[in-house]
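Structure assessment
The lines below spell out each chain.
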Amino acid sequence: MTSDQAGELMRDEAATGGPGQGARGAAEEWRPPVELNTGIPHPARMYDYYLGGKDNFPADREAAEKVIAAMPDARLGARSNREFLGRGVQFAVEQGVRQFLDIGTGIPAVGSTGEVAHRVAPDARVVYVDNDPIVLTHSRALLAHHPVGHTTVLHADLRDPEAILGDPGLKEALDLSKPVALMLVAVLHFVRDEEDAAGIVARLRDALAPGSMVILSHGTQDFMTPAAVAETTRIYSRASSPLVLRPKEQVEAFFGDFELADPGLVQLPLWRPQADLPEGWQQAAPAYAGVAVKR
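Notes on the structure follow. Computed from a predicted model, the values in this text were never measured in an experiment.

Describing the overall build of the chain
Within the chain, the secondary structure is distributed over twelve helices and eight strands. By residue count, 56% of the 295 residues in the chain fall in the buried class. Long-range contacts, defined as pairs at least 24 residues apart, comprise 75% of the intrachain contacts of the chain with a sequence gap of at least 6. For the chain, the computed accessible surface area is about 12700 Å², with 51% contributed by carbon and sulfur atoms.

This is the structure in structure tokens:
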């Protein structure tokens, strides 16, 4: 995406009078920022590039290509993560969950939480949360033209769970006294330990009713060479959020006392695959994935 295209999206949203029927709650009060810093790579836009999207800038593409040089199967890994998200959402719907809180949603693309949820459960209610203004602008402009189901887009940061839980838009969209699927897909590895990643997730878990789920994926060094770990973390250290790879025991701790659904916490493509695994998936997916239920 060029700066002109970003501006066009903003003007387009303003011309429609807001986010339309598909985005509700706090969306009506949101206004696009006057200035956007596109010179610093952002993980959401880098992820969009891995997936073959066009909503990214030169700095994002340059950083993403450096990651691909260090990990040639990075694009396959991104697709594996998006496919896990879809399987996790479908599993939640099959268990009767109709509310989704997707934090760190990134730029909407094929297979997003709302698309999957509304395909199998048109009455599902979805709240997207992200802190990147370009992601927010794109999301709201897209929803303005393609309103599907009940979807809300909130400008908030995972590092401030109280702001998320207290947002009027979230309270309007979701009933936290009923089961909610908390989506933390490929986002916690951008929160440092000193920012209290464990405490943040615990606060969000505590706000959920019995029957709720945590759907989570997280990058790990367990399946990477030391050289790939060093180069990838170096590249992300120059982005808007550094990459924090964690071993299995630390990732599993994010689920707290929630009960992991079969097959437990496993390498990304191994969570309930629906097709044959692609060649080279072991190297392409240096991440863990799991879904856990609050009993």
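Considering the packing of aromatic side chains
In total, this model carries four aromatic pairs according to the counting rule given. Ring plane angle 85° and centroid distance 5.6 Å describe the contact between Phe84 and Trp271, whose orientation is recorded as edge-to-face. Within this pair, whereas Phe84 is found in helix 4 (residues 74–94), its partner Trp271 is found in the loop between strand 7 (266–267) and helix 12 (281–284), the two being separated by 187 residues in sequence. Considered together, Phe84 and Trp271 belong to a single accessibility category, that of buried residues.

Some thoughts on the pattern of salt bridges
For the structure shown, the criterion picks out 14 salt bridges. With a shortest N-O distance of 3.1 Å, Asp157 and Arg159 are connected by a salt bridge. Under the relative-accessibility criterion, Asp157 is labelled partly exposed at 23%. The salt bridge partner of Asp193 is Arg246, with a shortest N-O separation of 2.8 Å. With Asp193 in the loop between strand 4 (181–185) and helix 9 (197–206) and Arg246 in the loop between helix 10 (226–236) and helix 11 (248–253), the pair connects residues that are 53 residues apart, well separated along the chain. The exposure class assigned to Arg246 is buried, which follows from its relative accessible area of 1%. The network of salt bridges with common partners includes Asp157, Arg159, Arg192, Glu194 and Glu195.

Topic: the pairing of strand 4
Counting buried positions over the five residues of strand 4 gives five, a clear majority of the element. Pairing analysis gives three bridges linking strand 1 (residues 99–103) to strand 4, with the strands arranged parallel. Bridging from a neighbouring strand, Leu101 pairs with Leu182 of strand 4. Judged from the five bridges that link them, strand 4 and strand 5 (residues 213–219) form a sheet pairing that is parallel. By the bridge assignment, Val185 is partnered in strand 5 with Ser217. Handedness of the crossover is the feature at issue here: the chain leaves strand 4, passes through helix 9, returns alongside strand 5, and the resulting connection is right-handed.

Re the packing of helix 2 (residues 43–50) against helix 4
In the contact formed by helix 2 and helix 4, the axes pass within 8 Å of each other and the chain directions differ by 100°. Regarding the angle of helix 2 to helix 4, the classification is roughly perpendicular. Only Arg75, Ala78, Asn81 and Arg82 of helix 4 make contact with helix 2, whose side of the interface consists of Tyr47, Tyr49 and Tyr50. Residue composition of the contact of helix 2 with helix 4, grouped by class: four nonpolar, one polar and two charged.

Some details on the pairing of strand 3 (residues 150–155)
In terms of residue burial, strand 3 counts as a mostly covered element, since five of its six residues are buried. Pairing geometry for strand 2 (residues 125–130) and strand 3, over six bridges, is parallel. Bridging from a neighbouring strand, Arg125 pairs with His150 of strand 3.

Structural notes on the side chain of Asn56
Inspection of the secondary structure assignment puts Asn56 in the loop between helix 2 and helix 3 (58–70). Separated by 3.1 Å, the side chain of Asn56 and the backbone oxygen of Gly53 make a polar contact.

Topic: the nonpolar core
Core analysis: the biggest nonpolar cluster contains 33 residues, and Leu101, Ile103, Val129, Leu158, Leu182, Leu184 and Leu216 have the highest contact counts within it. The leading source of residues in this core is helix 9, at four residues. When residues no more than four places from it in sequence are discounted, the contact partners of Leu184 are Ile103, Leu158, Val201, Ile215, Leu216 and Ser217. Core analysis: the second largest hydrophobic core is formed by 31 residues, Phe84, Leu143, Val153 and Trp271 among them.

Here we look at unusual backbone geometry
Trans peptide bonds make up most of the peptide bonds, and negative phi angles are found at most residues other than glycine. Cis geometry marks the peptide bond from Asp262 to Pro263, where omega comes out at 5°. As for its position among the elements, Pro263 is in the loop between strand 6 (259–260) and strand 7. With a phi close to 65°, Asp196 is a non-glycine residue in the positive phi region. A residue is classified by how much of its surface remains accessible, and Asp196, at 43% relative accessible area, is partly exposed. The backbone phi angle of Arg272 is positive, close to 50°, even though this residue is not glycine. Relative to the helices and strands, Arg272 is located in the loop between strand 7 and helix 12. Note on Arg272: relative accessible area 35%, which makes it partly exposed.

What counts and what doesn't
Residues numbered from 1 in each chain as written. Predicted model: local features only at pLDDT ≥ 70, side-chain atom pairs only at ≥ 80, totals over all residues. Heavy atoms only, no water. Helix = DSSP H or I, 4+ residues; strand = E, 2+ residues; numbered from the N terminus. Buried < 20%, exposed > 50% of the residue type's maximum accessible area, 1.4 Å probe, protein only. Contact = heavy atoms within 4.5 Å. Areas by Shrake-Rupley, 256 points an atom, 1.4 Å probe, with all protein chains shown as cover. Phe/Tyr/Trp six-rings, centres within 6.5 Å; stacked < 30°, edge-to-face > 60°. Salt bridge = Lys/Arg side-chain N within 4 Å of Asp/Glu carboxyl O. Pairing = 2+ DSSP bridges. Right-handed = clockwise from strand over helix to strand, strands pointing away. Axes fitted to C-alpha atoms, helices over the stretch in contact; angles between N-to-C directions. Parallel < 35°, antiparallel > 145°, perpendicular 65-115°, else oblique. Nonpolar A, V, L, I, M, F, W, Y, C, P; charged D, E, K, R; others polar. Polar contact = N/O pair within 3.5 Å; in protein donor to acceptor, adjacent residues only side chain to side chain. Core = buried A, V, L, I, M, F, W, Y, C linked by side-chain atoms within 4.5 Å.

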